Amino acid sequence: MSVLQSNVPDGPLSEKWTRHKNNLKLIAPNNKRKYNIIVVGTGLAGGAAAASLAEMGYNVKAFCYQDSARRAHSIAAQGGINAAKNYPNDGDSVWRLFYDTIKGGDYRAREANVYRLAEVSANIIDQCVAQGVPFAREYGGLLANRTFGGAQVSRTFYARGQTGQQLLLGAYSALMRQVAKGKAQIYSRQEMLDLVMVDGMARGIITRNMVTGEIERHAGDAVLLCTGGYGNVYYLSTNAMGCNVTATWRCYKRGAYYANPCFTQIHPTCIPVSGDYQSKLTLMSESLRNDGRVWVPKKADDNRPPSQIPEEDRDYYLERRYPAFGNMVPRDVASRAAKERCDAGYGVGEGKAVYLDFKRAIEEQGEKAIEAKYGNLFHMYKKITNENPYETPMKIYPAVHYTMGGLWVDYNLESTLKGLFVLGEANFSDHGANRLGASALMQGLADGYFVAPYTVGNHLAVNDLERKKIDTKNPAFDAVEQDVRGRIDKLLSIKGRRSVDSFHRELGVTMWDYCGMARNADGLRQAIDRISNIRREFWENVHVTGTGQELNQELEKAGRVADFLEFGELLARDALAREESCGGHFREEHQTAENEARRDDENFAHVAAWEYQGDDVEPVRHKEELNFENVQLTQRSYK
Ligand SMILES: Cc1cc2nc3c(=O)[nH]c(=O)nc-3n(C[C@H](O)[C@H](O)[C@H](O)COP(=O)(O)OP(=O)(O)OC[C@H]3O[C@@H](n4cnc5c(N)ncnc54)[C@H](O)[C@@H]3O)c2cc1C
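In what follows, the accompanying structure is described. (Residues numbered from 1 in each chain as written. Predicted model: local features only at pLDDT ≥ 70, side-chain atom pairs only at ≥ 80, totals over all residues. Heavy atoms only, no water.)

## Structural notes on the sheet that holds strand S14 (residues 354–357)
As summarised here, the arrangement of the five strands in space is S11-S15-S14-S12-S13, forming an open sheet in which the pairing is antiparallel. Each edge of the open sheet carries a strand with a single partner, namely strand S11 (264–270) and strand S13 (314–315). Of the strand pairs in this sheet, S11 and strand S15 (residues 394–403) are connected by five bridges, and their pairing is antiparallel. Bridge assignment links Thr264 to a residue of S15, and that residue is Thr403. (Pairing = 2+ DSSP bridges. Helix = DSSP H or I, 4+ residues; strand = E, 2+ residues; numbered from the N terminus.)

Right under this line is the structure:
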């Protein structure tokens, strides 16, 4: 029997979650105040969970490394959030959202989790509207929808190009209400550096106060990790600079399994890299493909400005190759198609970009209508590139954007470590090998508002935690704190000749070259060797300025890069072991004659979850077989 028990309840797909909720154990309202819950992360997943648990009566401590909980990376989300409301009456349903998500993820996600996600999606919109989130509306007042990739219905709710910001303000307001009531406390500028296990259960964390350098201990009855994705292992990505793998990685090293780390998402529409010293890439939201048309010149190396390339000389390659979905194919498909055109010599702007053109949309709808939908994105594009997208097509190229892998969790969102729950982008749960646009916000909020509040209570009740109180004097805290201090001292003592950033950049180039949009066995083996060499040099030659007892951003970065240097190797190992192409994981050895991903359902219809065995010891790869009882596995087609 697999060590990985998904704990998916029995019964028909559409009844599983309701039945499960009916069977979960409850904590009586008056008893909830006896429990302390630690929530690490205040993005959409963490903010929603912290606010909901505090509202229910638990005492919540919420941690984030930013100076304010409302600066979590979720604030960057632009395009929208999916929900099966069927407001445009175009045939949407819970089933269709479920089906699109399972298919979009190339059949590498758990059916029951994905169905639940689709089921609670409608509640999320109601919850956010009640909080005052200003979603775009039609003239008659109904909430407006637009289309995102991988769907033939319009189910994406949005607030211009700032959906994440508005949703986060909603969650943050709900959390601040609980802070005012004394039920929640926010610990900002605190970085979680390790997990404390007591008697086989997650009971606390060790943090570093990033302002004073003080190492702190926090105890609780459950720990919720809502710490976001690991896209910055590639150095250049659309993620905020602070996004990191540290919290999940340190939990992995304490025994939590890491699932599908090779499932990374490369987003097709980003502003291309412009120089060696760039540290951040900028997303141009997928929503732009509702009106923007993607094309390259039909002739290779055609250097004419776009305005001088007539229609008959343009190749709208997505519309040509995928007539049913056109420019709205999912991200993995659009990214690979852009790479294929550029590699074949048809790219524009030094060969590493394709056009995203709004000319026809502006002619048909007028500039004002386009500005109303995407004004802030056009403004951002112009500020960065100094080109006016109302007049000339945007130049775009794929970039690292999102990570589908994460800590393995069961149906309750509990990791392989009891009492450690993982929510939002930090877990692996719902998107399989490729996430559909506008589904990350949906998942983070589903986990935080509608799943964890039930399942965490069950954990407290089943394990009788009321009678197992501990505090930070427990000896388990001594040992973990010592580990944390030892690691910081070691980083500060090396005093080598290279900056932290230079190692991060070198790692990023290796990851992009060998584990990026296309991967092969030789390259992945080389990547594993290179990463281990970079890591060795890092621990001999990194220079971390300053001390541990002060605000020290070099030290913060060093800790995160050290973790990326271990994690990157696991990502490459996972990619090497998965001998198939699926979603964002494209193994060159496994493709169809038309260069589409070729899955191997017989041997790889499973989740790979890695178990740590010790530094410099190969981790063990476990499998959770995926059973598809409600959908048929087919070759994904968007033609
Ligand atoms: C530019 C951009 C645009 C996007 N647009 C969309 C969109 O339109 N629709 C959509 O569905 N998705 C979108 N996404 C994806 C989506 O924004 C994210 O997947 C989602 O917001 C992640 O939410 P989260 O709560 O899981 O994590 P985050 O919002 O990343 O929050 C992580 C939290 O964890 C804290 N944290 C992390 N590590 C530590 C640590 N060690 N100690 C203490 N605290 C820690 C951080 O301080 C933060 O509070 C976009 C992503 C990007 C990059």
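Next comes the rest of the description.
## Quick look at the site of the ligand
Of all residues adjacent to the ligand, which total 38 residues, the nearest are Gln66, Ser74, Gly79, Met192 and Glu425. Between the ligand and Met192, the relevant distance is 2.7 Å, taken from a nitrogen atom to a main-chain nitrogen or oxygen of the residue. About the coverage of the ligand: the protein hides 97% of its 1000 Å² of free accessible area. Elements represented by at least two residues in the shell around the ligand include exactly helix H2 (44–56), strand S6 (190–198), S15 and helix H11 (440–462). Looking at the shell around the ligand, the element that brings in the most residues is S6, giving three residues. Among the residues making up the shell around the ligand, the classes are represented as 17 nonpolar, 18 polar and three charged. (Near = heavy atom within 4 Å. Polar contact = N/O pair within 3.5 Å; in protein donor to acceptor, adjacent residues only side chain to side chain. Areas by Shrake-Rupley, 256 points an atom, 1.4 Å probe, with all protein chains shown as cover. Nonpolar A, V, L, I, M, F, W, Y, C, P; charged D, E, K, R; others polar.)

## Brief notes about unusual backbone geometry
Its identity is not glycine, yet Arg189 carries a phi of approximately 55°, on the positive side. Mapped onto the elements of the fold, Arg189 is located in the loop between strand S5 (184–187) and S6. Positioned with a positive phi, Asn386 is a non-glycine residue whose angle comes to about 65°. Looking at where Asn386 falls in the secondary structure, it is placed in the loop between helix H10 (367–385) and S15. On the basis of relative accessibility, which here comes to 68%, the residue Asn386 falls in the exposed class. (Buried < 20%, exposed > 50% of the residue type's maximum accessible area, 1.4 Å probe, protein only.)

## Structural notes on the pairing of strand S12 (residues 293–297)
Across the five residues that make up S12, a large majority, five, are buried. Bridging between S12 and S14 involves three bridges; their strand directions are antiparallel. Bridge pairing in S14 links Trp295 to Tyr355. One ladder, built from two bridges, connects S12 with S13; its direction is antiparallel. Paired with Pro297 across the bridge in S13 is Arg314.

## What about the environment of Glu580?
One can find Glu580 in the loop between helix H15 (553–577) and helix H16 (601–604). Residue Glu580 is classed as buried on the basis of its relative accessible area of 0%. Spatially, the C-alpha atoms of Glu580 and Gly448 are 33 Å apart, while their sequence positions differ by 132 residues. With residues up to four places along the chain from it excluded, the contact list for Glu580 reads Arg108, His585, Arg587, His590, Arg598, Arg599, Asp600 and Phe604. In this structure the side chain of Glu580 is engaged in a polar contact, spanning 2.9 Å, whose partner is the side chain of Arg108. (Contact = heavy atoms within 4.5 Å.)

## Some details on the sheet that holds strand S10 (residues 258–259)
Read from one edge of the open sheet, four strands run S16-S10-S18-S19, paired in antiparallel fashion. The open sheet has two free edges, formed respectively by strand S16 (406–407) and strand S19 (620–625), since each of these has just one partner strand. With six bridges connecting them, strand S18 (residues 606–611) and S19 associate as antiparallel partners. Opposite His606, over in S19, you have Glu625 as the bridge partner. The sheet contacts of H15 involve S10, S18 and S19, and relative to S18 the element is tilted by about 145°. (Axes fitted to C-alpha atoms, helices over the stretch in contact; angles between N-to-C directions.)

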